[in-house]
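# Coordinate inspection notes
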Amino acid sequence: MTDTATIAKIEMSERAAKRIHAILAGEAEAKALRLSVDGGGCSGLQYAYTVETEPKADDIVVERDGARLVVDSISAAYIAGARVDYVEDLMGQSFRVENPNATASCGCGSSFSV
């Protein structure tokens, strides 16, 4: 696993950590939530979330209050310096990535371009 301090400073909010705990509590083998960047979405790239049983060797691991968020090294290049939050508003509930590298994003915040 790669150290977040040296590769990509990705921050996780307290609300995101609590939500990750809640998600993983319902999954027997789950140990982390994976955030990745995939092609697609209305702005060109989109955030994807999956449950992981074990981080991979080249993953960046972000921990807060015992919650673990893992990001592969390729995705980390797109979200370096980002803050991952969890919000509940009129649009619904979702993880929100405040990405300083995004030059544009869609209205719902699930896709972006660089």
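For the structure itself, consult the block above.
Residues numbered from 1 in each chain as written. Predicted model: local features only at pLDDT ≥ 70, side-chain atom pairs only at ≥ 80, totals over all residues. Heavy atoms only, no water.

### Describing the overall build of the protein
Check the secondary structure of the protein and you find three helices and nine strands. With 114 residues in all, the protein has 42% of them scored as buried. Here the analysis covers contacts within the protein between residues at least 6 apart in sequence; of these, 54% occur between residues at least 24 apart. Approximately 6,200 Å² of the protein is accessible, and the part contributed by carbon and sulfur atoms is 50%. (Helix = DSSP H or I, 4+ residues; strand = E, 2+ residues; numbered from the N terminus. Buried < 20%, exposed > 50% of the residue type's maximum accessible area, 1.4 Å probe, protein only. Contact = heavy atoms within 4.5 Å. Areas by Shrake-Rupley, 256 points an atom, 1.4 Å probe, with all protein chains shown as cover.)

### Quick word on the environment of valine 37
As for its position among the elements, valine 37 is in strand 2 (residues 32–39). Along the chain, valine 37 and isoleucine 74 lie 37 residues apart, while their C-alpha atoms are 8.2 Å from each other.

### Digging into the nonpolar core
One broad rule of soluble globular proteins: the nonpolar side chains tend to lie buried together. Met12, Ile20, Leu35, Leu69, Ile79, Val84 and Phe95 are the most contacted members of the largest nonpolar core, which totals 24 residues. Among the elements of the structure, helix 2 (14–25), strand 2, strand 3 (45–52), strand 4 (60–64), strand 5 (67–71), helix 3 (73–79), strand 6 (83–89) and strand 7 (92–98) are those that each provide at least two residues to this core. With four residues, helix 2 is the largest single contributor of residues to this core. Apart from residues no more than four positions distant in its own chain, isoleucine 20 is found in contact with Met12, Leu33, Ala67, Arg68, Leu69 and Phe95. (Core = buried A, V, L, I, M, F, W, Y, C linked by side-chain atoms within 4.5 Å.)

### Quick notes on the sheet that holds strand 1 (residues 11–12)
Spatial ordering of the open sheet is given by 1-6-7, a layout of three strands whose pairing is mixed. Two strands close off the open sheet at either side, each with one partner strand: strand 1 and strand 7. Bridge count between strand 1 and strand 6: two bridges; the pairing is parallel. When the bridges of strand 6 are listed, glutamate 11 appears paired with arginine 83. Running over the sheet, helix 2 touches strand 1, strand 6 and strand 7 and is turned about 80° from strand 6. (Pairing = 2+ DSSP bridges. Axes fitted to C-alpha atoms, helices over the stretch in contact; angles between N-to-C directions.)

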